[in-house]
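These are the residues of each chain, in order.
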Amino acid sequence: MLTLLFDGVAYGMLLFILAVGLAVTLGLMNFINLAHGAFAMAGGYVTVLLMERAGIPFLATLPLAFLLPAILGAVAERLLYRPMYSRPHLEHEQFSIGLVFMAVAGVDYLVGSTQQIIKLPAYFQGRFEIGGVGIGKYRLFIVVVCLVLTGVLQWVLARTRFGSRLRAAVDDPRVAAGLGINVNTVFSLTFAVGSGLAGLGGALGAEVLGLDPNFPLKFMIYFLIVVSVGGTTTITGPLAAALLLGIADVFGKYYVPQLGAFVVYLLMVAILFWRPQGLFGRAAAR
Amino acid sequence: MKATATAAGGAAASLASAARWKPWEWALLAALAASWFAVGNAHALIANEIAILALFALSLDLILGYAGIVSLGHAAFFGIGAYGAALFAKHVMPDPLAGMAVAIALAAVLGAASSVLVMRGSDLARLMITLGVAAILYELANKLEFTGGADGLQGVVIAPLLGRFAFDLYGRVAFAYSLVVLVVAILVARRIVASPFGWSLRAIRDNRLRAAAIGLNVDARLAVAYTIAAAMAGAAGALQAQTSSFASLDTLDFHRSADVMLVVVIGGAGWLWGGVVGAIAFKLLHSLLSAWTPQYWVFWLGLFLVVLTMVGRERLFRPWTWFRKGRRS
């Protein structure tokens, strides 16, 4: 029971790290980026390939799994995404789903379509027993890393100058620009960090979620659920939504497997009908 | 729409001219009719698929292009039409036209019921709710007894059309049936779009607040439009089930909603013939690319979408404007 809860929390934390970048880009530029999962997949493949081909240990690949997708994100934002912001939502979707298709087929071509298996180092295998509760070592690692990241993000957003600029830009980009904040730079940086976090999430989650070229399509819906249910105006909203989704999913699969994802979708439709801005969102300023 | 009317009389005239049948529309209708003779036995099955996809895309275009409701779960109505028609044929009566009526009614009821859900919130919430409704139906069809689960609904026997034309192996009767339903749907949709109701939908799409301010009941109109589109999608689903004597989970799958969205996007949203053009282009693109690179064809589809969005449809299909500087569409 508690073990399941812990697994659910770990799963939810992963989803949060994967989706938080999407929440920020959506809140900031009102851009529905369906291709967010592609950056997560990039991170996962960076780790897998570095471990397999170059023999670099797992922990050492994680910074790269953050950096490379972040650079990729920054370049893509500058070259591809920026002209899109002023377009209607439908074009955002058709554009980013096109990117997803290209990423899926591209990875398929370069690496192959098989499921990648990540070999965890020995010290992450096995589990502890604390008071009768089995806790997987790797799950614990995930939870700790994600908690630290969440703390750092919260600190950056709430305490630093960049964070207050970002929050100002999210609330009202025009007024923020009028106050001398370079909204474009803020956004580029945020997009890059969001992509990097997604990459890190993809690397960490390769063992839990699985990794194959269809990753962006498979988890796109989950990211969108996290973002839409959690709302885009806070960072705690998506966190709570991700935890809820992770726990509901793990419990649902364990106790009522015949219902499948039914519970998750029903819950989502009900929540969104009740609060269209998300559980913790407030009405957009625009 | 291009004419800028200065007086009320001018506005009425421009509305009337937009509703008038253009020569090229007659030509397209004639081409649709002629296509039945052109395809022969060899291509009737694929032509039937295109006709069904075109009808499905037309229904999505009504809410996406005209009413501005972004939906990623339009397959819900396609699926309920397919399962409705198949179950009706299996348990009640095998007549295809009666089954079609039942499927349309079922889809319309679901559309009216779920229209309440899509009225609220932002585009993202709407996207997720439509997607969620389709996913819920998918899970239901997967788990329920009478839908046959993952195997699909088998053993459906459809009686001959009008009691005379049995569905043949080559799909010629099937194609004729789908074509007639498609043409009827186009005529109905055209009538709706050219009516004051259709214009009010466009007003709502362009600016909901202002539309409400001039006295339109926005929610009621969107609900009616959503229900009509659902009914049409149900008809497309019924065609699919009846012409293949089979209803499967595939009819409710996410990729079907995404595909039909692509069809509308390729053909052009907010243009009735866009569904037909898009369906033909999509199927041709699909079969050409997958024949060329079976495994990687989605890459080229993705590239096509990205280029289409970045360059813009207006420019992409008018090569002579490529090297002209200045105003972007």
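Residues numbered from 1 in each chain as written. Chains lettered and ligands numbered in written order. Predicted model: local features only at pLDDT ≥ 70, side-chain atom pairs only at ≥ 80, totals over all residues.

Asker: Give a detailed account of the packing of helix α9 (residues 215-230) of chain A against helix α5 (residues 123-143) of chain B, specifying residues and quantitative values.
Answerer: Where α9(A) contacts α5(B), the axes come no closer than 10 Å and their chain directions differ by 130 degrees. Our classification of the angle between α9(A) and α5(B) gives oblique. Like other packed secondary-structure pairs, α9(A) and α5(B) cross with a definite hand, here left-handed. Judged by residue contacts, A:I221, A:L224, A:I225 and A:S228 of α9(A) engage B:L124, B:A125, B:M128 and B:L131 from α5(B). Counted by class, the contact of α9(A) with α5(B) contains seven nonpolar, one polar and no charged residues. (Axes fitted to C-alpha atoms, helices over the stretch in contact; angles between N-to-C directions. Helix = DSSP H or I, 4+ residues; strand = E, 2+ residues; numbered from the N terminus. Parallel < 35°, antiparallel > 145°, perpendicular 65-115°, else oblique. Left-handed = near helix turned anticlockwise from the far one by under 90°. Contact = placed C-beta atoms within 7 Å. Nonpolar A, V, L, I, M, F, W, Y, C, P; charged D, E, K, R; others polar.)

Asker: Any chance you could break down the interface of chain B and chain A for me, citing the residues and the numbers?
Answerer: Accessible area lost upon the coming together of the parts serves often as the stated size of an interface. Taken together, the contacts link 31 residues of chain B with 36 residues of chain A. Mapped onto the side of chain B that touches chain A, the elements with two or more residues apiece are α5 and α12 (297-311) of chain B. Among the elements that make up the side of chain B that touches chain A, the one with the highest residue count is α5(B) (13 residues). When its residues are assigned to classes, the side of chain B that touches chain A shows 20 nonpolar, seven polar and four charged.

Asker: Tell me about the packing of helix α2 (residues 23-66) of chain B against helix α9 (residues 218-244) of chain B, and please be specific about residues and values.
Answerer: In a pair of packed helices, the angle between the axes and the distance between the axes together describe the arrangement. All names here are of chain B. As a packed pair, α2 and α9 sit with axes 8 Å apart at the nearest point and diverge in direction by 170 degrees. Our classification of the angle between α2 and α9 gives roughly antiparallel. Counting all contacts with α2, which are made through N48, I52, L55, F56, L58, S59, L60, L62 and I63, the residues of α9 involved are A225, Y226, I228, A229, M232, A233, A235, A236, L239, Q240 and T243. Residue composition of the contact of α2 with α9, by class: 16 nonpolar, four polar and no charged.

Asker: Requested: an account of the domain arrangement of chain B, with residues and values cited.
Answerer: On domain assignment, one finds that chain B holds domain 1 (22-279) and domain 2 (293-329). Once you take the C-alpha centre of each, domain 1 of chain B and domain 2 of chain B turn out to be 27 Å apart. (Domains from an automatic or database assignment.)

Asker: Lay out the environment of B:A174 in plain terms, naming residues and giving numbers.
Answerer: Residue and element names in this part refer to chain B. Among the structural elements, A174 can be located in helix α6 (residues 172-194). When the 28 C-beta atoms within 10 Å are taken as the criterion, A174 is described as buried. A C-alpha to C-alpha distance of 8.3 Å links A174 and L239, two positions 65 residues apart in sequence. Among residues more than four places away in sequence, those in contact with A174 are N48, F167 and T243. (Buried ≥ 20, exposed ≤ 12 C-beta atoms within 10 Å, placed from the backbone.)

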